[in-house]
Amino acid sequence: MLWPFMRVLSDFGPELAVLNAAGVDASTLADTDARIPRRLIGEVVWNAAQRTGDMALGVHAGEHTDSADFGVMDHAVRACPDVRRAMMCIARYTRLQDDNVELHFIEEGDRMLWQIRNAVPPILRVTNDFQVTITVMNLMRRLERREPPIEVHIRHTEATDAAEYARVFRAPVRLGMPHNGVVVPRSLLDEPVPSANPQAFSVFDLMAARRLRELDRIDTTTERVRRLVASRIGREGIGIVDIGAQLHMSEATLRRRLDEEGTTYKAIVDELRRELAAQYVSEPRVAIGEIAFLLGFSTQSAFGRAFRRWNGVSPLEHRLRLKDARRAAG
């Protein structure tokens with residue numbers, strides 16, 4: 001998913017330097033099956049947005065996605081008979097692109113919501129913009145025509161660039177939504193995909209399913225624990241015993257496997273809370289006390305101590321610094 005950003009930036013050199021310093025070389029970027037840590041991608045994209053001053057970089061990169069970016073999944077989707085089955089195919093294989101994302105389709109009356117649910121909510125506005133723009137582009141790619149959605153839903157509360165939203169989406173944008181998503185007419189689901197090919201679908205669907213099984217086999221215990229904790233944090237049931245039960249492991253077995261992978265259950269929860277705290281603190285409308293509750297801390301002061309350990313400042317001080325940085329950026 002870095003390829004669209006590489007296309008839209010006239011100079012990707014500084015971002016390549018960051019990737020190279022983290023051990024990601026050109027051969028890794030050229031490998032369609034390579035996996036790059038989410039935090040590293042976030043750092044690269046954020047730096048690119050700051051360096052170029054293009055706060056709508058996510059929209060622009062989303063516009064520059066190509067069928068080749070999605071590998072075998074796109075071949076299978078393109079061969080589906082209608083839009084409904086094409087969307088179901090995307091949902092089934094989206095983990096080949098991003099194992100943090102699940103797609104949900106909610107049909108209500110004459111509308112259908114294509115909802116993008118992130119296990120770990122995106123910290124960057126550019127990521128939200130990128131996700132919804134890709135969704136709009138995918139719809140047009142399947143129909144082989146421009147079909148504006150009814151609405152676009154975006155998680156952040158302020159538009160990065162209202163003019164660019166209007167130009168690309170051609171639809172009302174609802175901000176501050178629980179999930180990124182796109183609302184389309186339900187009637188579109190039954191429209192045929194012009195590139196439908198049953199024989200090709202059977203081949204590419206088999207290939208995509210095989211690739212997904214391979215991914216499941218190499219999935220680490222750490223990654224599985226992280227996904228489960230992310231989906232339950234702030235609620236009951238994120239203790240190691242609860243997560244072990246979800247994975248059909250005893251506490252001792254789970255601890256041993258995490259130790260073999262060089263981590264601990266406490267470290268996974270701490271890292272996840274740190275990432276989510278950065279997301280929530282960047283949203284001024286979310287009270288500090290509410291963040292403590294959302295992250296499962298017993299008290300606001302306990303959250304404050306953890307945040308200072310992670311960032312060297314209190315949550316309020318960090319929020320004020322972000323406000324000053326945004327004001328300086330215009």
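Residues numbered from 1 in each chain as written. Predicted model: local features only at pLDDT ≥ 70, side-chain atom pairs only at ≥ 80, totals over all residues. Heavy atoms only, no water.

A. Local environment of empty space enclosed by the protein. One pass over the full model with this rule turns up 1 cavity of 30 Å³ or more. By volume, the largest cavity amounts to about 40 Å³. Taken together, Phe70, Met73, Asp74, Val77, Ile90, Asn138 and Arg142 form the lining of the largest cavity. Of all elements in the fold, only helix H6 (71-78) and helix H8 (125-143) reach the threshold of two or more residues within the lining of the largest cavity. Considering each element in turn, the lining of the largest cavity owes the most residues, 3 residues, to H6. A per-class count over the lining of the largest cavity returns 4 nonpolar, 1 polar and 2 charged. (1 Å grid on protein atoms, 1.4 Å probe; cavity = no way out; pocket = protein on both sides within 12 Å on 5 of 7 lines; lining within 4 Å. Points joined across faces, edges and corners; volume = space filled by probe spheres on them. Helix = DSSP H or I, 4+ residues; strand = E, 2+ residues; numbered from the N terminus. Nonpolar A, V, L, I, M, F, W, Y, C, P; charged D, E, K, R; others polar.)

B. Here's a closer look at the sheet that holds strand S3 (residues 151-154). In spatial order, the strands read S1-S2-S5-S3-S4; together these 5 strands make up an open sheet with mixed pairing. Two strands in the sheet have a free side with no partner beyond their single neighbour: strand S1 (101-108) and strand S4 (173-175). Going across the sheet, the axis of each strand differs from the next one's by a mean of 20°, ignoring polarity. Contacting S1 and strand S2 (111-118), helix H7 (residues 83-93) crosses the sheet at an angle of about 150° to S1. (Pairing = 2+ DSSP bridges. Axes fitted to C-alpha atoms, helices over the stretch in contact; angles between N-to-C directions. Contact = heavy atoms within 4.5 Å.)

C. Inspection of the side chain of Asp69 at higher detail. Along the polypeptide, Asp69 turns up in the loop between helix H5 (57-63) and H6. Not counting the four nearest positions on each side in its chain, Asp69 is found in contact with Met1, Trp3, Pro4, Arg7, His64 and Gln97.

D. Up close: the nonpolar core. Counting residues in hydrophobic clusters, the biggest one holds 58 residues, and the most contacted among them are Leu19, Tyr93 and Phe169. Top contributing element to this core by residue count: H8, with 9 residues. If near-sequence neighbours (up to four positions away) are discounted, Leu19 is found in contact with Leu2, Phe12, Val24, Leu29, Leu40 and Val44. By size, the runner-up hydrophobic cluster in this structure holds 32 residues, among which are Ile243, Tyr265, Phe297 and Ala306. (Core = buried A, V, L, I, M, F, W, Y, C linked by side-chain atoms within 4.5 Å. Buried < 20%, exposed > 50% of the residue type's maximum accessible area, 1.4 Å probe, protein only.)

E. Structural view of the packing of H7 against helix H10 (residues 198-218). Orientation of H7 relative to H10, taken along the N-to-C sense of each, is 20°, at an axis distance of 10 Å. Accordingly, the angle class assigned to the pair H7 and H10 is roughly parallel. Seen from above, H7 lies across H10 with left-handed handedness. Judged by residue contacts, Cys89, Arg92 and Tyr93 of H7 engage Phe201, Asp205, Ala208, Ala209 and Leu212 from H10. Classifying every residue of the contact of H7 with H10 by side-chain character gives 6 nonpolar, no polar and 2 charged. (Parallel < 35°, antiparallel > 145°, perpendicular 65-115°, else oblique. Left-handed = near helix turned anticlockwise from the far one by under 90°.)

Such coordinate-based values are descriptive only and should not be taken to indicate function.
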